[in-house]
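Overview (structure and organization)
Each chain, written out:
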Amino acid sequence: RTPFTLFIPTNSTSTMPTPSPAVWQTFFNTPPEDVLFQDAELVVIRDRTPRAAVHLLVIPRHQHIRGVETLTSSHGPLLERMGRVGARVAAEEAGTGGK
């Protein structure tokens, strides 16, 4: 079982502007110390209601996908990177006891 969630925010439009890190923190009500990783493509935060000692959300900044059923092979590189980054950050968190 993976200790992270690949979270794909849904939206009815693909022209939604890219939120700033502050918007992500407001949207998820995430304190800055719970934002564990961010770059131009992804944000990784601690889950507010964890179901494991280390439970993270890996969120893409630019891909707005209506649902899993709409995923295509073009999403493969993003999903692979989300998995790699999520696994790395989860391992780092596990090494620090999750905090």
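Residues numbered from 1 in each chain as written. Predicted model: local features only at pLDDT ≥ 70, side-chain atom pairs only at ≥ 80, totals over all residues. Heavy atoms only, no water.

Next up on the list: the nonpolar core. Counting eleven residues, the largest nonpolar core consists of Phe37, Leu42, Val44, Val54, Leu56, Val58, Leu78, Met82, Val85, Val89 and Ala90. When contributions to this core are tallied by element, the ones reaching two or more residues are strand E3 (42-46), strand E4 (56-60) and helix H2 (76-95). Among the elements that make up this core, the one with the highest residue count is H2 (five residues). Apart from residues no more than four positions distant in its own chain, Leu78 is found in contact with Glu41, Leu42, Pro60 and Gln63. Counting five residues, the second largest nonpolar core, distinct from the first, contains Val35, Ile45, Leu57 and Ile59. (Core = buried A, V, L, I, M, F, W, Y, C linked by side-chain atoms within 4.5 Å. Buried < 20%, exposed > 50% of the residue type's maximum accessible area, 1.4 Å probe, protein only. Helix = DSSP H or I, 4+ residues; strand = E, 2+ residues; numbered from the N terminus. Contact = heavy atoms within 4.5 Å.)

Along the polypeptide, Leu42 turns up in strand E3. Overall, Leu42 belongs to the buried group, its relative accessible area being 0%. Taking the C-alpha atoms as reference points, Leu42 and Met82, 40 residues apart in sequence, are found 7.5 Å from one another. With sequence-adjacent residues up to four places away left out, Leu42 is seen in contact with Phe37, Val58, Ile59, Pro60, Arg61, Leu78, Arg81, Met82 and Val85.

On to the pattern of salt bridges, then. Summed over all chains, the structure comprises five salt bridges. Across the salt bridge formed by Arg81 and Asp39, the nearest N and O atoms sit 2.4 Å from each other. Placement of the pair is Arg81 in helix H2 and Asp39 in the loop between strand E2 (35-38) and E3, with a sequence separation of 42 residues. Overall, the relative accessible area of 21% leaves Arg81 in the partly exposed class. Given the relative accessible area of 23%, Asp39 is considered partly exposed. Put simply, Arg88 and Glu92 hold a salt bridge, and the shortest N to O gap is 3.7 Å. (Salt bridge = Lys/Arg side-chain N within 4 Å of Asp/Glu carboxyl O.)

Moving on, we get to the confidence of the model for the chain. In the predicted model, the chain carries a mean pLDDT of 77, and the fraction of residues at 70 or more is 69%. Put simply, strand E1 (residues 4-6) is where the chain has its lowest mean pLDDT, 55, and H2 is where it has its highest, 93. Note that pLDDT drops below 50 for residues 11-17; the model gives that stretch seven contacts with residues more than four away or on any other chain. (pLDDT = per-residue confidence, 0-100.)

Turning our attention to the environment of Thr30. Its location among the elements puts Thr30 in the loop between helix H1 (21-28) and E2. Using a relative accessible area of 6% as the deciding quantity, one classes Thr30 as buried. Separated by 15 residues in sequence, Thr30 and Ile45 have C-alpha atoms that sit 7.6 Å apart.

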